[in-house]
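Chain by chain, the residues run as shown.
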Amino acid sequence: MVDGMRRLSVWVDLGIAVALLPVSAMLVVWLGVHVLFSGDDFGSSGVRTAQAARRGAWISGCAAVLAGGGLMGLRLWLAGALHLVVLAAAAVLFAAAAAQHG
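Cut-offs applied
Residues numbered from 1 in each chain as written. Predicted model: local features only at pLDDT ≥ 70, side-chain atom pairs only at ≥ 80, totals over all residues. Heavy atoms only, no water. Helix = DSSP H or I, 4+ residues; strand = E, 2+ residues; numbered from the N terminus. Contact = heavy atoms within 4.5 Å. Areas by Shrake-Rupley, 256 points an atom, 1.4 Å probe, with all protein chains shown as cover. Core = buried A, V, L, I, M, F, W, Y, C linked by side-chain atoms within 4.5 Å. Buried < 20%, exposed > 50% of the residue type's maximum accessible area, 1.4 Å probe, protein only. Axes fitted to C-alpha atoms, helices over the stretch in contact; angles between N-to-C directions. Parallel < 35°, antiparallel > 145°, perpendicular 65-115°, else oblique. Left-handed = near helix turned anticlockwise from the far one by under 90°. Nonpolar A, V, L, I, M, F, W, Y, C, P; charged D, E, K, R; others polar. Patch = residues over 30% accessible without salt bridge, like charges linked within 9 Å, V, L, I, M, F, W, Y side chains within 5 Å. Salt bridge = Lys/Arg side-chain N within 4 Å of Asp/Glu carboxyl O.

Draft legend 1. View of the overall build of the protein chain. For the protein chain, the helix and strand inventory stands at three helices and zero strands. Along its sequence from the N terminus, the protein chain presents helices and strands in the succession α-α-α. When contacts within the protein chain are restricted to residue pairs at least 6 apart in sequence, those whose partners lie at least 24 apart make up 69%. Accessible surface, the protein chain: about 6,700 Å² in total, of which carbon and sulfur atoms supply 74%.

Draft legend 2. Structural view of the nonpolar core. Formed by L31, V35, A52, A53, A57, A90, F94, A97 and A98, the largest nonpolar core amounts to nine residues. It is helix α3 (residues 77-101) that provides the largest number of residues to this core, a total of four residues. Those residues in contact with L31, other than ones at most four positions away along the chain, are G56, I59, S60 and F94.

Draft legend 3. Spotlight on the environment of A64. Take A64: it is sitting in helix α2 (residues 47-73). For A64, a relative accessible area of 3% puts it in the buried group. Taking the C-alpha atoms as reference, A64 lies 9.5 Å from A81; in sequence the two are 17 residues apart. Excluding residues that lie within four positions of it along the chain, A64 makes contacts with G69, L84, L87 and A88.

Draft legend 4. The arrangement of the packing of α2 against α3 in detail. Closest axis-to-axis distance for the α2/α3 pair is 7 Å, and the angle between their directions is 165°. Considering the angle they form, α2 stands roughly antiparallel to α3. In terms of crossing hand, the pair formed by α2 and α3 is left-handed. Its residues assigned to classes, the contact of α2 with α3 shows 22 nonpolar, eight polar and one charged.

Draft legend 5. Structural view of a nonpolar patch on the surface. Judged by side-chain polarity, V10, W11, L14 and L78 come together as a nonpolar surface patch covering roughly 400 Å² of accessible area. Of the residues forming the nonpolar patch, the biggest block, three residues, is contributed by helix α1 (residues 2-36). The residue L14 is located in helix α1 in this model. Accessibility expressed as a relative area gives 35% for L14, which makes it partly exposed.

Draft legend 6. Spotlight on unusual backbone geometry. Located in the positive-phi region is R75, a residue other than glycine, with phi close to 65°. If you trace the backbone, R75 turns up in the loop between α2 and α3.

Below you can see the structure in the form of structure tokens.
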């Protein structure tokens with residue numbers, strides 16, 4: 001009985017991870033598009049791109065802590081770890097863009 005319940009909890013954990021992953025992916029894509037098109041009208045990137053990238057890194061980092069930590073707090077280990085890795089990787093990517101442009 002207990003072994004069946006553990007398998008069920010793993011499947012529920014994976015289901016929640018798969019269900020919430022598109023939300024995290026849409027956040028990363030939305031922030032990436034914002035950084036990509038944040039230059040001035042003449043196409044040069046600089047201070048505005050760096051500011052948008054810093055904002056994207058900050059939002060991604062906060063979302064990683066909230067989503068990953070919140071899911072892990074609910075003992076959804078797989079879903080929490082997956083969202084923590086995805087959103088933290090996006091935060092590092094945006095921080096690198098900010099360092100490159102500003």
